[in-house]
Amino acid sequence: MKKIISLLILMFFIFISCSVEPKVIKYGDDHCFHCDMTVVDKTHSAQYVTKKGKAYMFDAVECLTMKINQENNERDLAFILVADYITPGKLVDAKKATYLISKKIKSPMGANLSAFFDKKIADEYLEKHGGKLYTWNSLKQHFSK
Amino acid sequence: MRIGVLLLFLIYSFTGNAQTSRIDVCSSCKVKSIKDAIKLAKDGDTILVKKGIYKESKLFIDKSIHLIGEDYPVIDAENKTDSVIAIKADNFSLSGFKIKNIGMSYIKEVAGVFISYSKNFTIKDNIFDNVFYGIILQRVKYGLIKDNIISGNAKNESSSGNGVHVWKSKNMRIENNTVSGMRDGIYLEFVNNSYVSNNTSKNNIRYGLHFMFSHYNEYHHNEFRENGAGVAVMFSKHIKMYFNTFHYNWGTASYGLLLKEINDAEINDNIFEQNTIAINIDGCNRINYKNNHFIRNGWALKFTGGCYANIFEYNNFQSNAFDLSYNSRLNDNKFEANYWSEYSGYDLNKDGIGDVAHRPVKLFSYVVNKTPETLVLLRSLFVDIINFSEKVSPIFTPDNLLDQKPLMKAINSLD
């Protein structure tokens, strides 16, 4: 009986370690995969997880986008997540988010880029602060120049 | 015409001087709040605030006035999310205050002192306690930030601001401040021609000092200890780094100095002691490293990304686990006349220079770069053997990566 339980526990851990899931970002501890800065900003952080289950953290959405452009590895990624600007610490699907580049809202790597889950709120911020809205695809194009 | 202008200016400055007055603020004075005093004041006036507790925030100043605190009067913002003093004026000064309890905001930049579009000013001898941002400077020039003590209580959270945050400014001097418990101690973004000297920056979550897109700056005689990482210099040109001390920056993401995409810098006479990585060098070109001390670090120098035309001369590498870690087979950097405590050669002609060239890269550092977990094998016999065999007949390290003239004695030894 004991053996079975320990086997089950072992299986459980193997299962856990193999699952492809986003990881919790350890703010102040993790560093950015693109620029090596320590990730601290809950409103601008980002993450991607490969299909093999390895998670990489980014301190800014521009770092994530530039890394994906550079490596050209979007096919190999299971999750691409960006922080929702208005709910600090919450990561949302990058492909569904709306992006705002506005001089009034600064981001860690100087691109003035923020991500919004809700398009309506992005519109509000655009009206208030000015700038330009992007979708995931147009954002990648913007940084590939 | 010119004389007329000069005369006018003289008259103006004379009468200006003659009319300046002093306004006292205290609980028993005629003027009881700083806000009222600011309203009453004219250009050139002095406001003297006596000892006491002032529960005020959102003080807006658009005049050239001098705010002086006597015996550190306390301005308590009671955790409100508004900057305590916001200034948009030229020729002003602020000194001798204790500003505390500034609220945290994710979206707004809330500071003890917020200065924008100003020039010729002094912020001196103030205490900032429990603040979100200490001092924010935007689009300013010719400012002096001196003798301030700034502390936050940033824990492992990201909900913290920077001690001194400078954005799009030039000709600044930041001297003699003590900054602790913030996100970045001192942060310069798009700041040119500025000096950062004699500051102590410690226990900050991210960096002691941080340069982003800032050119022609100089920092010297600063101390950076126990920060997430000591100093980060990123995407900047012509930065001079002299006589700084970087120590006890330990941890997985910890560097004494992080250099990313830096060109044409000078790094001289610095001390790097007990950091996980003393200098992490990523894509940096034409940098001169001279007379630096690397003592008891995990890695003294770690190269990632292409680095070209860097020169390392007269540095001391003493008791580091790895002196140098390299990521490519090509080397375009020059290592000459450094002292390496790992050097096992000899000096038969007694000229102080080793007769055999020294190879600073250990083979094992390549293994560790690929698979960090192998670090547990660091002190094993097998690793010693492969390191030795690589030294004798190098296969993995670039052929020309060696110090032809290793010194037998440390330069300016600190002991």
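All figures in this text were calculated on a predicted structure; none of them were measured in a lab.

Asker: How should I be thinking about the sheet that holds strand β3 (residues 77–83) of chain A in this particular structure?
Answerer: Sheets are built from strands paired through backbone hydrogen bonds, the pairs being either parallel or antiparallel. Residues and elements named next belong to chain A. The strand order β2-β1-β3-β4 describes an open sheet built from four strands, whose pairing is antiparallel. One side of each edge strand has no neighbouring strand; the edge strands of this open sheet are β2 (55–58) and β4 (91–93). The mean inter-strand angle of the sheet, taken between neighbouring strand axes irrespective of direction, is 25 degrees. Looking at chain direction, β3 and β4 are connected through three bridges and run antiparallel. Bridge pairing links alanine 83 to leucine 91 in β4.

Asker: I keep staring at the layout of surface pockets and nothing clicks. Help me out?
Answerer: Empty space among the atoms becomes visible once a probe the size of a water molecule is rolled across them. Roughly 1,500 Å³ of volume is contained in the largest pocket. Lining the largest pocket are 35 residues, with His31(A), Thr252(B), Lys302(B), Asn369(B) and Pro372(B) positioned closest to its centre. At the level of secondary structure, the elements contributing two or more residues to the lining of the largest pocket comprise β2 of chain A together with β30 (277–282), β33 (299–304) and α3 (363–370) of chain B. Among the residues making up the lining of the largest pocket, the classes are represented as 16 nonpolar, eight polar and eleven charged. Within this model, the second largest pocket holds a volume of roughly 1,300 Å³. Lining of the second largest pocket is provided by 49 residues; of these, Lys104(A), Lys106(A), Ile107(B), Glu109(B) and Gln138(B) occupy positions nearest its centre. Contributing elements (two or more residues each) for the lining of the second largest pocket: α3 (119–129) of chain A together with β7 (85–87), β10 (111–116), β13 (133–138), β16 (164–175) and β18 (186–192) of chain B.

Asker: When you look at the packing of helix α2 (residues 61–71) of chain A against helix α4 (residues 136–144) of chain A in this model, what are you seeing that I'm missing?
Answerer: Between two packed helices, the angle of one axis relative to the other and the distance separating the axes together describe the packing. Residue and element names in this part refer to chain A. Two elements in contact, α2 and α4, have axes whose closest approach is 9 Å; the angle formed by their N-to-C orientations is 75 degrees. Judged by the inter-axis angle, α2 sits roughly perpendicular to α4. Taking contact as the criterion, the partners of Val61, Glu62, Leu64, Thr65, Met66, Ile68 and Asn69 in α2 are, on α4, Trp136, Leu139, Lys140, Phe143 and Ser144. Here the contact of α2 with α4 is composed, by residue class, of seven nonpolar, three polar and two charged.

Asker: Explain the nonpolar core here, please?
Answerer: Looking at soluble globular proteins, one finds that nonpolar side chains tend to be buried together. In this structure, Tyr219(B), Leu257(B), Leu259(B) and Leu301(B) are the most contacted members of the largest nonpolar core, which totals 92 residues. Cys35(A), Phe58(A), Ile80(A) and Ala115(A) belong to the second largest nonpolar core, which has 43 residues in total.

Asker: Please explain the sheet that holds strand β5 (residues 98–101) of chain A as it appears in this structure.
Answerer: Residues and elements named next belong to chain A. In spatial order, the strands read β6-β5-β7; together these three strands make up an open sheet with antiparallel pairing. Each edge of the sheet is formed by a strand with only one pairing partner; in this case those strands are β6 (113–116) and β7 (132–134). Between one strand and the next, the sheet's axes are offset by a mean angle of 30 degrees, whatever the strand orientation. Relative to β7, β5 runs antiparallel, the two being bridged by three bridges. Bridging across to β7, isoleucine 101 finds its partner in lysine 132. Across the sheet, α4 lies against β5, β6 and β7, angled at about 110 degrees from β7, the strand it touches most.

About the thresholds
- Just so you know, the residues in each chain are numbered from 1, in the order the chain's sequence is written.
- Note on labels: chains are lettered from A, ligands numbered from 1, in written order.
- Selection of residues for local features in this predicted model requires a pLDDT of at least 70, selection of side-chain atom pairs for listing and counting requires 80 or more, and totals for whole chains, interfaces and linings are taken over all residues.
- The basis for the side-chain values is all heavy atoms of the structure; hydrogens and waters are excluded.
- In this scheme, strands are said to pair when DSSP sees at least two bridges between them.
- Only DSSP runs of H or I covering at least 4 residues are called helices, and only runs of E covering at least 2 are called strands; the numbering of each starts at the N terminus.
- Interaxial angles span 0 to 180 degrees and are taken between N-to-C directions of axes, which are lines fitted to C-alpha atoms, for helices over the stretch in contact.
- In this analysis, the protein atoms alone were mapped onto a 1 Å grid. Cavities are point sets where a 1.4 Å probe fits without being able to get out; pockets are open sets with protein on both sides within 12 Å along at least five of seven lines; lining residues have an atom within 4 Å of a point.
- Grid points are joined across faces, edges and corners, and a volume is the space filled by probe spheres set on the points.
- Any residue outside Ala, Val, Leu, Ile, Met, Phe, Trp, Tyr, Cys, Pro, Asp, Glu, Lys and Arg is labelled polar, Gly included; the first ten of those are nonpolar and the last four are charged.
- By definition in this entry, angles of less than 35 degrees are roughly parallel, angles greater than 145 are roughly antiparallel, angles of 65 to 115 are roughly perpendicular, and the rest are oblique.
- For this analysis, residues touch if any pair of their heavy atoms sits within 4.5 Å.
- Among buried residues, those of type Ala, Val, Leu, Ile, Met, Phe, Trp, Tyr and Cys that are joined through side-chain atoms within 4.5 Å constitute a nonpolar core.
- Only protein chains enter the accessibility calculation, which uses a 1.4 Å probe; a residue is then buried when its area is under 20% of its type maximum, exposed when over 50%, and partly exposed in between.

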